[in-house]
Amino acid sequence: MSKLPLAGIRVADFGWIYAVPHATAWLGALGADVIRIESTLAPDLVRFLTGTDGVLGFNRSGVFHAINSSRRGLTLNLAQPEAREIARKIVMKSDFVTENFTVGNMAKYGLGYDDLVKIKPDIIMLSGTPLGQDGPFARTVGFGPTTQAFAGLCHVTGYPHSFPCGIGGTWPDFAVGTGMVFFLLAALHHRDRTGQGQYLDLSMAEMVTTMIPEAMMDFFMNGRDPGGIGNRDESMAPHGVFPVAGDDKWIAIAIATDAEFAKLCDVLGVPSLAVDSKFAKLFGRLENVDELEREVAARTRNFQRDDLVAKLRAHGLAAGPVYNTPELMNDPAFVNSGMLVELNHAEVGKRVVPGIPVNFGAIDLDYRAAPAIGEHTDEVMRELLGYSAEEIARLKAANVLV
Amino acid sequence: MARFETLQEPPRALEGLKLIELPCYDSMPFLAAAMAGKAFADFGAEVIKVEPPRVGALERALGPFRDERPDPETGGLHLYLNTNKLGITLDLERPRGRDLLFDLLASADIVFNPNCPALNERLGIDWATLTRRFPKLIVVSITFFGADSPYKNVRGGDLVATQMSGVGYETPWHQVTDLPNEPPLKLGGRQSDYLTGYTASAAAMCALYSRKTNGVGQHVDVSQWRAMTSMIRPNIGFYSHEAKDSASFQRLHTRRKTAAQWVYPCTDGWVSFSAGTDRFWRGAKVAMGNPDWMDNELFDTILGRVANIDAIEAGVIDWLSTHTRTEAFEKAQEQHVPCFPVHTPAEVATNTQYEARRFFVDHEHPAAGEVRMPGAPCKFSRTPWRTVRGAPRLGEHNRKILGERLGLSAAALDELAEDRII
């Protein structure tokens, strides 16, 4: 196997929950030695999320396994001064430090950037927080989903004239984690050229706001402040999710041009709709969108979803099934896309987890199963830091390596 | 806390890298390519945006426009996505235009290409041809479903990718009251396009690191659908680890209200409030003034709270009905309970946290005048994000790039313009 892109790069990973572990899953798959530092005394709550087959324990959760691939696991009780010293020793041998604790927590342990840059001058440290490291609300606590609200995304997500809506899939945790990969590698590129490390201060809310330019620019340019428009689009109609035969089955259809609308009407068996003066032209369809959507929904109900999707696609139209997770996992195009990898987990054995969402022509991604808690404690202490078996045993007994 | 350096002109992290952003000739995710190019340009790489002559990039036709007056030079999305880029025009449908593109690709590190495989092959800009001709080049294709997918020629887009990924099915998250009548919902704006852009920029950096180890470029296959499915990683792990027919995947679970998180009304708007864990529940009790109704053993466990969500919801709504967003935010955060106001864009634009961090940035644009827009997605202490030039006017850098860089004479440029190649 050819040398991996990040071979020789080490990450002291204090991250937890979703965003940072997602970023370090990319780095690990690219060959970085990611050392996940956690503690049995304050475990990542994701270790106890679903997918455990109903069995209790640190090493069962499918959710944890899905996000924490390609890293080594070390337990370290940072409440102990000796543990903080070990953490600093790991940092001295690392290129990246990643963390997403509440502002000030790392500094409390003597592990803030100002502390670490003294012992590893070219360290690149990334801190991910809800609202950033400074400013009046820096110390607030939150998860990704609560930052959607602060950042303006909830307000623009929602049915027309409805309440603001939260987004599924714990958005934006994984979007932010994906951005972190870019930011970390950009900083590493700068270090390659100059020898300089630096501190990366990521506010999840700010990154979310970089992803709603339509709303922000409309406010800055026109002072407008509209709410959600459901599944609609300002320049396409119909552009929505419509019911199909069966319980809770839906199809997504996006029609851009008048010619496409005529094709849709043909497939739905109502060619008359395409020549109705209310709907023939885009302007009319946008003007009469409520009625248009009722007309379309009244026809889509008569079709089996996948039949209708196939018919619309055969006409070159943009349409797709609304999938829940089991349906997605049963689409052969997804199953064979390269996204899914089967890994052998220490406690639950072989299970499928998601990989990196990109196919590289010339990188053999290095997928390794998520570590059991503390799985690599001895290995890292011995091989990376040179501790003897006796010292390791003593540190375990002293509640340091737990 | 880290101090940010205040040198007059600090370096930027990606200075020296050269990128080309190709125009989209069909309906592929062009906003994703523009966002990926933006990520690089804003951190200092040279990004040459290639646009079709006369009509320009597709985002120039999208609003918002000032006072609803369409103008390809002053649209909000164009200004936002193309700041810091150089802009040239080239007709890639014609051989002379493609030759000039190849001259530029010869010295480029990365190219972003948002076109479908069939069109790329017709124009001779498919990844196989480009990687063979330019062995060091990193070719990032950005499509709806992937360059090798059985769906590679199927039309998609923000709505379709969102709804086929499982994210749309779960939206709204835990707050639907009228399940039969409320369809799965798309995310506000064009989230999947911008997510795909960030995914492409991360993947391009990975390929750049691969080139640092072995000296060769490669094809990087980014798709909007795959990028969106990466947002539901927990579900994939859950699905493959446990009962595949779990009711948890039905929207009765994913979209109805639970104890995990809600968006709730208060006196002057809405707040996003989370008291799902035991710790947050205890904090919420204090924040809400220890009302009698919360002293109920039914609420002592997460499962108990889920089972009795209606009573909890009523109590929370009752508390919020006497609080503004700011009051609820402050009281909850004092007890370390995640609670944030739902901001409208106007409130995002003016909130003190963003102002203190100077998140929004201003620059003067020759066609649009004063432009304000969202700034750095991440603050770099040594190599900060900054604006060095406004979005290019159509063909603004033809002379600089084609003339100075490729050595075309003024007469040759005039001839290209005459022939409508540029």
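For the structure given in this document, a descriptive report is provided here.

Conventions we followed
- Residues numbered from 1 in each chain as written.
- Chains lettered and ligands numbered in written order.
- Predicted model: local features only at pLDDT ≥ 70, side-chain atom pairs only at ≥ 80, totals over all residues.
- Helix = DSSP H or I, 4+ residues; strand = E, 2+ residues; numbered from the N terminus.
- Buried ≥ 20, exposed ≤ 12 C-beta atoms within 10 Å, placed from the backbone.
- Contact = placed C-beta atoms within 7 Å.
- Axes fitted to C-alpha atoms, helices over the stretch in contact; angles between N-to-C directions.
- Parallel < 35°, antiparallel > 145°, perpendicular 65-115°, else oblique.
- Left-handed = near helix turned anticlockwise from the far one by under 90°.
- Nonpolar A, V, L, I, M, F, W, Y, C, P; charged D, E, K, R; others polar.
- Pairing = 2+ DSSP bridges.
- Core = buried A, V, L, I, M, F, W, Y, C linked by C-beta atoms within 7 Å.
- Arc of directions from axis to C-beta.

This next bit is on the overall build of chain A. Of the regular secondary structure elements, chain A holds 19 helices and 12 strands. Burial status across chain A gives 60% buried among its 402 residues. In chain A, of all internal contacts separated by at least 6 residues, the share reaching a separation of at least 24 is 68%.

For chain B, the helix and strand inventory stands at 18 helices and 12 strands. With respect to the three principal axes, the spread of C-alpha positions in chain B is 85 × 50 × 45 Å. When the 422 residues of chain B are sorted by exposure, 57% land in the buried category. Restricting to contacts in chain B with at least 6 residues of sequence separation, those with at least 24 account for 73%.

The relative placement of two packed helices comes down to the angle between their axes together with the axis-to-axis distance. Residue and element names in this part refer to chain A. Running from N to C, helix 1 (residues 19–29) and helix 8 (residues 173–194) point in directions that differ by 45 degrees, and their axes come no closer than 7 Å. The pairing of helix 1 with helix 8 is recorded here as oblique in orientation. Between helix 1 and helix 8 lies a crossing of right-handed hand. Taken together, the residues of helix 8 that come into contact with helix 1 (itself represented by Ala 19, Val 20, His 22, Ala 23, Trp 26 and Leu 27) are Asp 173, Phe 174, Val 176, Gly 177, Met 180, Val 181 and Leu 184. Of the residues contributing to the contact of helix 1 with helix 8, the split by class is 10 nonpolar, two polar and one charged.

On to the interface of chain B and chain A. Listed by partner, the interface residues are 120 residues for chain B and 126 residues for chain A. Ranked by residue count, the leading element in the side of chain B that touches chain A is helix 7 (residues 191–214) of chain B, at 15 residues. Its residues assigned to classes, the side of chain B that touches chain A comprises 60 nonpolar, 43 polar and 17 charged. Direction of pairing for strand 6 (residues 198–203) of chain A relative to strand 12 (residues 379–380) of chain B: antiparallel, over a ladder of two bridges. Within the sheet, the bridge partner assigned to Leu 200 of chain A lies in strand 12 of chain B and is Phe 380 of chain B.

Another point: the packing of helix 8 of chain A against helix 7 of chain B. At a closest axis distance of 9 Å, the pairing of helix 8 of chain A and helix 7 of chain B adopts a crossing angle of 35 degrees. The element helix 8 of chain A and its partner helix 7 of chain B pack so that their crossing is left-handed. On the side of helix 8 of chain A, the interface is formed by Ala 175, Thr 178, Gly 179, Val 181, Phe 182, Leu 185 and Ala 186 of chain A, while helix 7 of chain B contributes Leu 195, Tyr 198, Thr 199, Ser 201, Ala 202, Met 205 and Tyr 209 of chain B. Tallied by class, residues from the contact of helix 8 of chain A with helix 7 of chain B come to 10 nonpolar, four polar and no charged.

Judged by nonpolar contacts, the single largest core of 257 residues is most densely connected at Leu 184 of chain A together with Val 111, Val 140, Ala 204 and Val 271 of chain B. Contact partners of Ala 204 of chain B, with chain neighbours within four places excluded, come to Ala 36, Ile 110, Ile 138, Val 140 and Val 220 of chain B.

Once that is clear, we can look at the sheet that holds strand 5 (residues 138–143) of chain B. Read across the open sheet, the seven strands follow the order 12(A)-6(B)-5(B)-4(B)-1(B)-2(B)-3(B); overall the sheet is mixed. Two strands lie at the open edges of the sheet, namely strand 12 (358–360) of chain A together with strand 3 (86–89) of chain B, each paired on one side alone. Shown here is a sheet whose adjacent strand axes are inclined to one another by a mean of 20 degrees, direction ignored. Of the strand pairs in this sheet, strand 1 (residues 18–21) of chain B and strand 2 (residues 46–51) of chain B are connected by four bridges, and their pairing is parallel. For Glu 21 of chain B, the partnering residue across the bridge sits in strand 2 of chain B and is Lys 49 of chain B. With respect to the sheet, helix 1 (residues 30–42) of chain B is in contact with strand 1, strand 2, strand 4 (110–113) and strand 5 of chain B, its orientation differing from that of strand 1 of chain B by roughly 160 degrees.

Below, the discussion takes up the sheet that holds strand 7 (residues 239–243) of chain A. Residues and elements named next belong to chain A. With antiparallel pairing, three strands are arranged side by side in an open sheet as 7-8-9. Only two strands of the sheet have a single partner each, and these edge strands are strand 7 and strand 9 (318–321). Within this sheet the neighbouring strands show an average axis-to-axis angle of 20 degrees, counted without direction.

Take the environment of Pro 52 of chain B next. The topology assignment puts Pro 52 of chain B in the loop between strand 2 and helix 2 (76–82). In this structure, Pro 52 of chain B is in contact with Pro 23, Thr 89 and Asp 91 of chain B, ignoring residues within four places of it in sequence.

Moving on: helix 14 (residues 325–334) of chain B. Residues spaced three or four apart along an α-helix point in a common direction, a consequence of the helix completing one turn every 3.6 residues. Residue and element names in this part refer to chain B. Here helix 14 has its buried residues at Arg 325, Ala 328, Phe 329 and Ala 332. Projected down its long axis, helix 14 carries its buried residues within an arc of 100 degrees, all on one side. Where the residues of helix 14 are buried, they touch strand 7 (262–266), strand 8 (269–273), helix 11 (278–287), helix 13 (309–320) and strand 9 (339–341). Of the residues one or two after helix 14, His 336 is the one with positive phi, at around 60 degrees.

On to helix 11 of chain B, then. Residue and element names in this part refer to chain B. Within the sequence span of helix 11, burial applies to Phe 280, Gly 283, Ala 284 and Ala 287. Down the axis of helix 11, the buried side of the element spans an arc of 105 degrees, and every buried residue falls inside it. Each element contacted by the buried residues of helix 11 is listed here: helix 14. Backbone geometry just after helix 11 places Gly 289 at a positive phi near 85 degrees.

Take the pairing of strand 7 of chain A next. Residues and elements named next belong to chain A. When you tally the buried positions in strand 7, you get five out of five residues, the bulk of the element. In strand 7, alternate side chains face the same way, and those of His 239, Val 241 and Pro 243 on one face and Gly 240 and Phe 242 on the other are all buried. Bridge analysis of strand 7 against strand 8 (residues 250–254) gives five bridges, and the strand direction is antiparallel. The residue bridging Pro 243 from the neighbouring strand is Trp 250, located in strand 8. If you look at the hairpin formed by strand 7 and strand 8, you'll find six residues sitting between the two strands, and Gly 246 has a positive phi there, around 105 degrees.

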